[in-house]
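Single-letter residue listing:
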There are 2 protein chains.
Amino acid sequence: MTTIGDVARRAGVSRSTVSYVLSGKRTISQETRDRIELAIRELGFTPNAGARALATAQTMVLGMLLQFHADEFAPAMLQYVLPVSAAARELGYDILMVTDPDGAAAIRRIGASAMVDGIVLLDVTHQDPRLESLRSVSKPGVLIGLPADTRDIDAIDLDFAQAARVLVDDLHDHGHREVTLISPPYHVVERGGSYVWRFRDAAIARADELGMRLHPYYGESRPPAVQTSVHRFLDVHPSATALIVHNDATIAALPAILRDRGLSVPRDLSVVSLYSRDFGEEFSLPYTAVESAADTLGRQAVGQLVRRISRSPQAGQPGVRLVEPVLTDRGSVRSLSR
Amino acid sequence: MTTIGDVARRAGVSRSTVSYVLSGKRTISQETRDRIELAIRELGFTPNAGARALATAQTMVLGMLLQFHADEFAPAMLQYVLPVSAAARELGYDILMVTDPDGAAAIRRIGASAMVDGIVLLDVTHQDPRLESLRSVSKPGVLIGLPADTRDIDAIDLDFAQAARVLVDDLHDHGHREVTLISPPYHVVERGGSYVWRFRDAAIARADELGMRLHPYYGESRPPAVQTSVHRFLDVHPSATALIVHNDATIAALPAILRDRGLSVPRDLSVVSLYSRDFGEEFSLPYTAVESAADTLGRQAVGQLVRRISRSPQAGQPGVRLVEPVLTDRGSVRSLSR
DNA sequence: CGTCAGTTTCGAACCGGTTCGACGATGACC
DNA sequence: GGTCATCGTCGAACCGGTTCGAAACTGACG
């Protein structure tokens, strides 16, 4: 391993001079700079990250905490991982990925030992035990997802309530007056996935305002329960003219289910949903939908975290940022003549 | 941030004594040890990882390199991430996850700067440009997947050839003499996914040995192409009595496809496949299959890497380890009377 | 009582960077 | 020609741990 001392010796300068060439924090004559840069190239020198972290008190690493739920559709988590990682790299940070089942303990460990400059919490629940841990280590953090208590913390999430209103409005605009809503499985609610009720409550409220009938259900996450549950919902409300699907497993299975019933979209049934672009492409889903925008969320989260780390004034006050949902019309809603 | 010096002062000892209590590398009297441990608890001291890395030349971090292929079924990658991460943690290591599109450059970066003690390469291709990079930084590495050149490198993968033979044999034992094979999409071959042809070539060879007719095809990765391709294969070979599916998108879609054609498994068609346990559960797949054992591969890879890092004699000579495939019989193969 | 071995603790050096104050050289100005 | 900035570079201190050699103390033994 070649060190900065080796480079200095080879270039005939002091170690500090090499360091200044590296950082550009002081002016160095073109001549010596050339000599040093040549030495660096010849020796293949790369600064030691540990030493630099020790000296600067910055590791240029962000912690990313995931938790895997056996019951959840796996790609859902992955949607965030890639954008977070890519955004971090673009800002010069690497990602320490932590999947420890005890997330709170993991935060204390990587925080207290100064392995990371900041922490991204994925898949945050309503009462997330990791929050207290994050507050106790005095390191900047950012949440993707909305917990109950957001005091003094940066959090970012899709505005699920607004997403629900956008979808209900769209159906109402097209003349629909009786619709069925399929939410994620109920155990996601029990686990504290607040996006479930934020979407559901808002949909119910908006339908009520508009004088629509809305039948809310919790769906399933796996075949064959997914299929049978959808069939049941459709059987129970034959007069419903549209389906709002907020459930990945359900929407992925829906094309086949509807074909089985001989239903054509939007002729016999209108469908709107909420899913990510990648997910939709993976399954070639042909439905009008709000994008869950994992990409945007991940990138914005990292951006905000880095601003917070660098004490940028643009970071502003810590708080919640809700991302405005965007509707993509794929023609799966029929206009009903009245 | 409290340091080892703070602890030492509070306990009335020198810094080195605290360090020895932490590491246990020298005997410290019970009395002072108690005093020091108390001080550590009172101050909430955790050693600074950067400083420790600098002093010991060990970071206790492993690099994990992923590459995402837009065309590949996302969970496939995730299957490995979790076991790798979990196994590492159990051995005291954290994971630096790198998703840089230029993997070779990323390896040089994290290797040369001594951010990691070793490197796990996921989804290795036949001519993987990251290999040269891995060899150039002198850091232990382990591959999950099989490249063309495995000199002096630890690599681990499922024995796909053997898996193919196990499945062909199973069909042959049940009296099948004409079968169709659906491999992953052809562009996976072009990308250098050697598991495709290791499986395919072995299946063809074995069928030949056994005097069976085998029709090999490359499948698709997305709806609706997946569906139409399977329909075509079935139409072309109406006399084939069994399907060997080595293609995640196809096997996930198969239940619905067969239902559409009014085919019942195994009455009208026998099906064997190769997929991971998690994947099978996610889609409730009812087929006799070889497990792709991502869990085993991930754990063994990390184990081997850590042995290599610690220069354990049990690491043995660097080389390829192929994991024996395990067949799980789910009754999707019909016994044909002759 | 002096020597020796064993135990426990300390001090200093070291890991590889960064950063601050200072110093010598150079050129501008009066 | 002396003074004063400015520029470029150096040396030393520091970040927070680990580790080695040695010192201090204890008790056993001749």
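Residues numbered from 1 in each chain as written. Chains lettered and ligands numbered in written order. Predicted model: local features only at pLDDT ≥ 70, side-chain atom pairs only at ≥ 80, totals over all residues.

Asks: Can you break down the domain arrangement of chain A residue by residue, with the values?
Replies: The domains assigned to chain A are domain 1 (4–47), domain 2 (61–158 + 294–323) and domain 3 (160–292). Using only C-alpha atoms to locate each centre, domain 1 of chain A and domain 2 of chain A end up separated by 37 Å. (Domains from an automatic or database assignment.)

Asks: Help me get a handle on unusual backbone geometry, residues and values and all.
Replies: Geometrically, the link from Val-265 of chain A to Pro-266 of chain A is a cis peptide bond, its omega value of 0° lying close to zero. Examined against the element boundaries, Pro-266 of chain A turns out to sit in the loop between helix 12 (248–260) and strand 9 (270–275). The residue after Pro-223 of chain B, namely Pro-224 of chain B, is reached through a cis peptide bond having omega -5°. Looking at the secondary structure, you find Pro-224 of chain B in the loop between strand 7 (213–218) and helix 11 (225–236). Even without being a glycine, Asp-152 of chain A presents a positive backbone phi close to 55°. Tracing the backbone shows Asp-152 of chain A in the loop between strand 4 (141–144) and strand 5 (154–158). (Helix = DSSP H or I, 4+ residues; strand = E, 2+ residues; numbered from the N terminus.)

Asks: Mind laying out the protein's contact with DNA strand D, listing which residues take part and the relevant values?
Replies: Every one of the 30 residues lining DNA strand D counts as a neighbour, but Ser-16, Thr-27 and Thr-32 of chain A together with Ile-4 and Ser-16 of chain B are closest to it. Mapped onto the surface near DNA strand D, the elements with two or more residues apiece are helix 2 (15–23) and helix 4 (49–56) of chain A together with helix 2 (15–23) and helix 4 (49–56) of chain B. Looking at the surface near DNA strand D element by element, the count peaks at 6 residues for helix 2 of chain B. Its residues assigned to classes, the surface near DNA strand D shows 13 nonpolar, 12 polar and 5 charged. (Near = placed C-beta within 6 Å. Nonpolar A, V, L, I, M, F, W, Y, C, P; charged D, E, K, R; others polar.)

Asks: Give a description of the protein's contact with DNA strand C that names residues and reports values.
Replies: In the vicinity of DNA strand C there are 29 residues, among which Ile-4, Ser-16, Ser-19 and Ala-55 of chain A together with Ser-16 of chain B approach most closely. Sorting elements by how many residues they give to the surface near DNA strand C places helix 2 of chain A first, with 6 residues.

Asks: Would you mind going over the relation of the copies chain A and chain B in detail, with residue names and values included?
Replies: Expressed as a screw transformation, the operator carrying chain A onto chain B has a rotation angle of 180° and an axial translation of 0.0 Å, and the superposed copies differ by an RMSD of 0.1 Å. What the rotation and shift describe, once combined, is the action of a two-fold rotation axis. Both copies contact each other with a shared surface, as 100% of the interface residues of chain A are interface residues in chain B too. (Least-squares fit on C-alpha atoms with pLDDT ≥ 70 in both. Contact = placed C-beta atoms within 7 Å.)

Asks: Talk me through the pairing of strand 8 (residues 242–245) of chain B; I want residue IDs and the actual numbers.
Replies: The two faces of a sheet get side chains in turn, since along a regular strand they alternate between them. Residues and elements named next belong to chain B. What you see with strand 8 is no split at all: Ala-242 and Ile-244 on one side and Leu-243 and Val-245 on the other are buried throughout. Two elements, strand 6 (residues 178–183) and strand 8, share 4 bridges in a ladder whose sense is parallel. In the strand pairing of strand 8, Val-179 is matched with Ala-242. A crossover links strand 8 with its parallel partner strand 9 (residues 270–275), the connecting element being helix 12 (residues 248–260), and its sense is right-handed. (Buried ≥ 20, exposed ≤ 12 C-beta atoms within 10 Å, placed from the backbone. Pairing = 2+ DSSP bridges. Right-handed = clockwise from strand over helix to strand, strands pointing away.)

Asks: Please provide a residue-by-residue account of the sheet that holds strand 7 of chain B, values included.
Replies: Residues and elements named next belong to chain B. Here 6 strands make up an open sheet; going across it, the order is 7-6-8-9-10-12 and the pairing mixed. One side of each edge strand has no neighbouring strand; the edge strands of this open sheet are strand 7 and strand 12 (327–328). In this sheet, strand 7 lies alongside strand 6 in parallel orientation, the contact comprising 6 bridges. Bridge pairing in strand 7 links Glu-178 to Arg-213.

Asks: Let's hear about the packing of helix 4 of chain A against helix 4 of chain B: which residues, and what values?
Replies: Direction vectors running N to C along helix 4 of chain A and helix 4 of chain B enclose 135°, while the axes themselves pass 8 Å from each other. Classified by the interaxial angle, the pair formed by helix 4 of chain A and helix 4 of chain B is oblique. Like other packed secondary-structure pairs, helix 4 of chain A and helix 4 of chain B cross with a definite hand, here left-handed. Facing helix 4 of chain A, whose interface residues are Gly-50, Ala-51, Ala-53 and Leu-54 of chain A, helix 4 of chain B presents Gly-50, Ala-51, Ala-53 and Leu-54 of chain B. Its residues assigned to classes, the contact of helix 4 of chain A with helix 4 of chain B comprises 6 nonpolar, 2 polar and no charged. (Axes fitted to C-alpha atoms, helices over the stretch in contact; angles between N-to-C directions. Parallel < 35°, antiparallel > 145°, perpendicular 65-115°, else oblique. Left-handed = near helix turned anticlockwise from the far one by under 90°.)

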